[in-house]
Amino acid sequence: MKRFLTFLLLTSTLMAFQCDDDNAKPCSSDAVERKIEELKAKPKQNPAAEVYEYTYKGQKVYLISSDCCDQYNLLYDQCMTTICAPSGGFSGAGDGRCTDFYDKATEKRLVWRDNR
C-alpha cells in the first residue's frame, strides 16, 4: 500500500509540473489577417498603420506600427502574442526587451499598409 501511495503521489506531482508546451494549442493560421481586420475597423492612424513581417530568432514575427508619437511599435509572434516593443515610446528605443531586433531581424516584408 505504501508503494502504491508513493507511486500515486509521485505521478500526480510529475503531472502537475508537466511542461505547458505539451498542452499548448497551435494558434490560428489567420491570426495576422484578423489583426489587420482589427486595424481596419479602427479610424485611420496618422501615420498610417503598417504591418511588416520579419524573421527574428528563427521565427516569423510581425511589427505593427503605433498610431501616434511616443507609443510603442509592437512586435508579435505568429499567434499575435506580443513579444516586445523594439522601437517607439518616449525614448524611441522601445521597451528594452528586444534591443537587438533591428540588428538581427532579417527578411523584412511589408504585409499591409493602410491606404485609406
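What counts, and at which threshold
Residues numbered from 1 in each chain as written. Predicted model: local features only at pLDDT ≥ 70, side-chain atom pairs only at ≥ 80, totals over all residues. Heavy atoms only, no water. Disulfide = S-S within 2.5 Å. Helix = DSSP H or I, 4+ residues; strand = E, 2+ residues; numbered from the N terminus. pLDDT = per-residue confidence, 0-100. Contact = heavy atoms within 4.5 Å. Core = buried A, V, L, I, M, F, W, Y, C linked by side-chain atoms within 4.5 Å. Buried < 20%, exposed > 50% of the residue type's maximum accessible area, 1.4 Å probe, protein only.

### A closer look at the state of the cysteines
- On inspection of all chains with the given rule, the structure shows two disulfides.
- The disulfide partner of C27 is C79, and the S-S distance across this bridge is 2.3 Å. Across the disulfide from C27 to C79, rotation about the S-S bond amounts to roughly -80°, and the bridge is consequently left-handed. Of this pair, C27 sits in the loop between helix 1 (2-16) and helix 2 (31-41) while C79 sits in the loop between strand 3 (72-76) and strand 4 (82-88), and the two are 52 residues apart along the sequence.

### A word on the confidence of the model for the protein chain
- Of the residues in the protein chain, 78% reach a pLDDT of 70 or more, and the chain-wide mean stands at 83.
- Contacts for the low-pLDDT stretch residues 3-22, under 50 throughout, to residues beyond four places or in other chains number zero contacts.

### Side note on the nonpolar core
- Within the largest apolar cluster, eleven residues are counted, these being A31, V32, I36, L39, A49, V51, Y62, I64, Y76, M80 and W112.
- Secondary structure elements with two or more residues in this core: helix 2 and strand 2 (59-64).
- No other element matches helix 2, which puts four residues into this core.
- If sequence neighbours within four positions are ignored, Y76 has contacts with K35, V61, Y62, I64, T81, T82 and I83.
- Membership of the second largest hydrophobic core comes to ten residues, among which are Y52, L75, C84 and C98.

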